[in-house]
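# Summary of the model geometry
Below, each chain spelled out in residue letters.
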Amino acid sequence: MADIDLTDLDAFAAVARQRSFRGAAAVRGVSASSLSEAVRRLEARLGVRLLNRTTRSVTPTEAGARLLERLGPALGEVAAALDAVNSFRDSPTGTLKLNVPVIVARMVLPPIACAFLAAHPGITLEVVAEDGFIDVLAAGFDAGVRYDERLEQDMIAVPIGPRLQRYATAASPAHLAAHGVPRHPEELLAHPCIRHRFASGIVALPWEFERNGEVVRISPTGPLVATMLELEIAAAEAGLGVISTFEEALAPSLAAGTLVPVLTDWWPSFSGPFLYYAGRAHLPAPLRAFVDFLRERAKER
């Protein structure tokens with residue numbers, strides 16, 4: 001068995017975990033055909049079928065499941081041993097894969113990512129922006145970014161970006177001229193509102209407001225529900241309704257005067273996002289470099 005290629009074992013493990021050649025290929029940044037060929041070579045060497053393949057699914061056979069169970073920790077140790085050499089470099093190399101919410105990718109990550117990559121030219125950063133809540137490790141990511149209400153309990157969390165954010169509410173001058181300026185959140189029920197739909201299909205309801213410990217939740221209606229923040233802001237600027245979203249997203253429109261802030265004393269605040277990752281003895285060098293970068297950045301503020 002000494003002639004079995006370690007990369008073929010690694011390819012099998014990736015496909016077996018994802019239960020998909022395409023899914024594993026997307027995570028690893030290779031072609032599905034190359035993974036398929038690697039698994040075929042491994043099965044031929046072992047003389048045992050490891051994966052059951054149909055047009056709709058890929059599942060490990062009993063032999064494949066047994067191999068994956070023993071192989072996973074071993075491959076992890078090999079990867080950790082090889083990556084340990086990275087710590088002796090002046091600047092670590094490798095790929096760092098992050099899964100982040102869309103709003104973080106747009107409003108928080110750009111200056112952080114650019115400064116990090118400038119400081120670590122040997123690292124490649126791969127970012128997938130999506131609003132679905134997934135198991136980032138099972139999906140092949142090194143770490144994820146989430147807000148504290150979505151953090152898994154067994155993960156290590158490191159602050160990233162602003163430590164306090166707010167939801168802002170605004171409308172165009174034309175809308176306010178036609179419908180009046182709301183003085184209380186419940187008055188928004190008489191206004192058309194622009195609403196957001198998450199990738200999961202859930203509409204962001206209710207809208208929540210807070211002032212001096214008093215919390216008000218409303219379920220507004222309106223002419224537009226969208227998954228694209230740019231479309232929502234454009235609709236609000238066009239006078240189609242009131243919008244409520246991250247303050248950072250509305251900042252350019254508020255500065256330009258195309259939107260006017262309303263109910264500012266009711267804007268709710270919340271803690272900023274966190275980078276989270278599994279606690280383990282050895283972190284991949286690119287992830288360790290990013291964690292250290294974030295902590296040093298926090299000290300400078």
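Whatever comes next refers back to the structure up there.
Residues numbered from 1 in each chain as written. Predicted model: local features only at pLDDT ≥ 70, side-chain atom pairs only at ≥ 80, totals over all residues. Heavy atoms only, no water.

## Considerations on the sheet that holds strand 5 (residues 143-146)
Keep this limit in mind: A pair of strands is labelled paired if DSSP reports no fewer than 2 bridges between them. Runs of H or I in DSSP of at least four residues are treated as helices and runs of E of at least two as strands, each being numbered from the N terminus. Only the contacting stretch of a helix is used when fitting its axis, a line to C-alpha atoms as for every element, and angles between N-to-C directions run 0 to 180 degrees. Contacts: residue pairs with any heavy atoms within 4.5 Å of one another.
Across the sheet, which stays open at both edges, the five strands sit in the order 4-3-5-15-6 with mixed pairing between neighbours. Edge positions in the sheet fall to strand 4 (123-129) and strand 6 (155-159), since each has one partner strand and no second. For this sheet, the mean angle separating the axes of adjacent strands, direction not counted, is 25°. Inspection of the sheet shows strand 3 (residues 94-100) paired to strand 5 by two bridges, in the parallel sense. From the neighbouring strand, Asn-99 faces strand 5, where its bridge partner is Gly-144. Of the strands in this sheet, strand 3, strand 4, strand 5, strand 6 and strand 15 (274-278) touch helix 10 (residues 285-299), which is tilted by about 145° from strand 15.

## Describing the environment of Leu-259
Position of Leu-259 among the secondary structure elements: in the loop between helix 9 (247-256) and strand 13 (260-261). For the pair Leu-259 and Pro-223, spaced 36 residues apart in sequence, the C-alpha to C-alpha distance is 18 Å. If we skip the residues at most four places from it in the chain, Leu-259 touches Ala-170, Ala-171, Ser-172, Ile-233, Ala-236, Glu-237, Ile-243, Leu-250, Ser-253 and Leu-254.

## Brief notes about the pattern of salt bridges
A side chain of one charge can pair with a side chain of the opposite charge if their charged atoms are brought near each other. In plain terms, the rule: Salt bridges are defined as contacts in which a side-chain nitrogen from Lys or Arg sits within 4 Å of a carboxyl oxygen from Asp or Glu. Type-normalised accessible area, obtained with a 1.4 Å probe on protein chains alone, sets the label of each residue: buried when under 20%, exposed when over 50%, and partly exposed for intermediate values.
A complete count under the given rule lists nine salt bridges for this structure. Ionic pairing is found between Arg-41 and Asp-8, a salt bridge with its closest N-O pair at 2.6 Å. Taken together, the residues span a long stretch of sequence, with Arg-41 in helix 3 (residues 32-46) and Asp-8 in helix 1 (residues 6-18) at a distance of 33 residues. For Arg-41, a relative accessible area of 38% translates into the label partly exposed. Exposure remark for Asp-8: the relative accessible area of 6% places this residue in the buried category. Arg-217 serves as the salt-bridge partner of Glu-208, at 2.9 Å between the closest nitrogen and oxygen. With relative accessibility at 39%, the residue Glu-208 sits in the partly exposed group.

Interpretation note: all reported values are geometric properties and have no functional meaning in isolation.
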